[in-house]
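Structural characterization, general
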Protein chains: 2
Amino acid sequence: MSKYVIIVAGGSGSRFGSALPKQFLPLNGVPVLIRTISRFAEADSSIHVIVVLPNGQIGNWLELCGAQSFFLAHSIVAGGQSRWQSVKNALDSITVSEGDLIAVHDGVRPLVPVSVIAEAFRVAAKNGSAVPCVPVTDTIRQVTDGSSHILPRRSLMAVQTPQVFNAVDLKKAYDAPFNDDFTDDASVMEAAGHKIALTKGDVRNIKITHPDDLKIAEILLKNE
Amino acid sequence: MSKYVIIVAGGSGSRFGSALPKQFLPLNGVPVLIRTISRFAEADSSIHVIVVLPNGQIGNWLELCGAQSFFLAHSIVAGGQSRWQSVKNALDSITVSEGDLIAVHDGVRPLVPVSVIAEAFRVAAKNGSAVPCVPVTDTIRQVTDGSSHILPRRSLMAVQTPQVFNAVDLKKAYDAPFNDDFTDDASVMEAAGHKIALTKGDVRNIKITHPDDLKIAEILLKNE
């Protein structure tokens, strides 16, 4: 039984307002993506790591690994135009067997606790899927046809990564053509008819989207 | 036409893990609640400020105001066991006329932009209600009967404060008995049959809930 993680680091940095893509920016001295990969190695050194990067950033990444003396084994796959295409490219690069598990993780979630990774693999081995979630703390309204209504907060969960799936099922699910409802990998699996099992996420497992998030991550990391 | 803001600062600090309630903690040198009140004064100096505090904290607050030379006029009301009861106590302390507007704001949202306050009052004057919202960036799943399904993210909005309402309608809505679905003031108004108008919130308008949030607020404040 093999375990994989596809780490999606497809961002080109243009929306983040920095010259370097955000996944390469230093977080307390260590590039975000190196921190992310290291968490999976720490959780389970048998996990095969596949990193998806924009084609134009692969050279920079290899230079960065050299400069940081980062030599954890990982495969590199060129990303596509969308997150979905990037994951699909990574899936196309591997051959899987029944019983294998594939995690898909955002490259810009460098603080993912090792316990969240371990639990997601454990639940997926049993149920075929595992999606880490945390309770929603905001009041959420749903807008429909120009009016809006409140959603019962106790029923809402915010979805994180790594999302872990039966490898054979995930590859098959990604054979379907793209549709706009695919906002994460669980939605792709769900569209293919699979039930999704939820696992415990962690509020510190933030996604670095805005420049302020990097400063927030620094604080969270210092408090670990 | 009078304008009011009820600033709910009912927290006792026990969940926050500090001796001082979080609304009294310094944020770049100035207590959170003083920053919050100052934002409303800055937005419109004609707004009457009503601060709801736990009964046991009113003395501490007055001392803090003295120590900080903070003399902006405001009324103080003792809070209740729940947020709903605290708002109700504040509403019971005022007499309103048709055309008056009441904002309800979380005391621990000290970064609320003046533009968000002004826009909420403007929209409420026209529509009877105004609820600042920001788009939801997380993927959200709804859990029902042991299974879960993804919600279309583009239709979801996270609700902030200040929520501003027609004063007469809000007082009447608070005459209804409490129910568990009252997670904010808009939900109380909705239960009384009122339509809710949404306005533009701001991602920087964070609620200080965890100790880390205070550090995040310091960063956001420095970048204003």
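One can find the structure itself at the top, above this paragraph.
Right, let's walk through the structure included here. Computed from a predicted structure; not experimentally measured.

Okay, the side chain of Gln160 of chain A next. Residues and elements named next belong to chain A. For Gln160, the location among the structural elements is in the loop between strand S10 (156-159) and strand S11 (163-166). A polar side-chain atom of Gln160 sits 2.7 Å from the main-chain carbonyl oxygen of Asp202. Of note is the side chain of Gln160, whose polar atom sits 3.1 Å from the side chain of Asn205. Apart from residues lying up to four places away in sequence, Gln160 is in contact with Arg109, Pro132, Val134, Gly201, Asp202, Val203 and Asn205.

Listing the buried residues of helix H3 (residues 83-92) of chain A in full gives Trp84, Ser86, Val87, Lys88, Ala90 and Leu91 of chain A. Considering only its buried residues, H3 of chain A is in contact with strand S1 (3-8), strand S4 (48-53), strand S5 (75-78), strand S6 (101-106), helix H5 (167-173) and helix H6 (185-191) of chain A.

Here we take up unusual backbone geometry. Note the cis peptide between Thr161 of chain A and Pro162 of chain A, where omega equals 10 degrees. If you check the backbone angles, Asn28 of chain B has positive phi at about 45 degrees while not being a glycine. With respect to the element layout, Asn28 of chain B can be found in the loop between strand S2 (26-27) and strand S3 (30-31). Even without being a glycine, Ser69 of chain B presents a positive backbone phi close to 50 degrees. Note on Ser69 of chain B: relative accessible area 51%, which makes it exposed.

This next bit is on the packing of aromatic side chains. All names here are of chain A. This model, assessed by the stated rule, comprises 10 aromatic pairs over all chains. Each ring, one from Phe24 and one from Trp61, has its centre 5.7 Å from the other, and the planes form 20 degrees; the classification is stacked. With Phe24 in the loop between S1 and strand S2 (26-27) and Trp61 in helix H2 (residues 58-67), this pair connects stretches of sequence that are 37 residues apart. A relative accessible area of 0% means that Trp61 is categorised as buried. Through successive ring pairs, a cluster of aromatic residues spans Trp84, Tyr174, Phe178 and Phe182. Directly above the ring of Phe121 sits Lys3, whose terminal nitrogen or CZ lies 5.5 Å from the centroid.

Rules used in this analysis
- Residues numbered from 1 in each chain as written.
- Chains lettered and ligands numbered in written order.
- Predicted model: local features only at pLDDT ≥ 70, side-chain atom pairs only at ≥ 80, totals over all residues.
- Heavy atoms only, no water.
- Helix = DSSP H or I, 4+ residues; strand = E, 2+ residues; numbered from the N terminus.
- Polar contact = N/O pair within 3.5 Å; in protein donor to acceptor, adjacent residues only side chain to side chain.
- Contact = heavy atoms within 4.5 Å.
- Buried < 20%, exposed > 50% of the residue type's maximum accessible area, 1.4 Å probe, protein only.
- Phe/Tyr/Trp six-rings, centres within 6.5 Å; stacked < 30°, edge-to-face > 60°.
- Lys NZ or Arg CZ within 6 Å of the ring centre and 35° of its normal.

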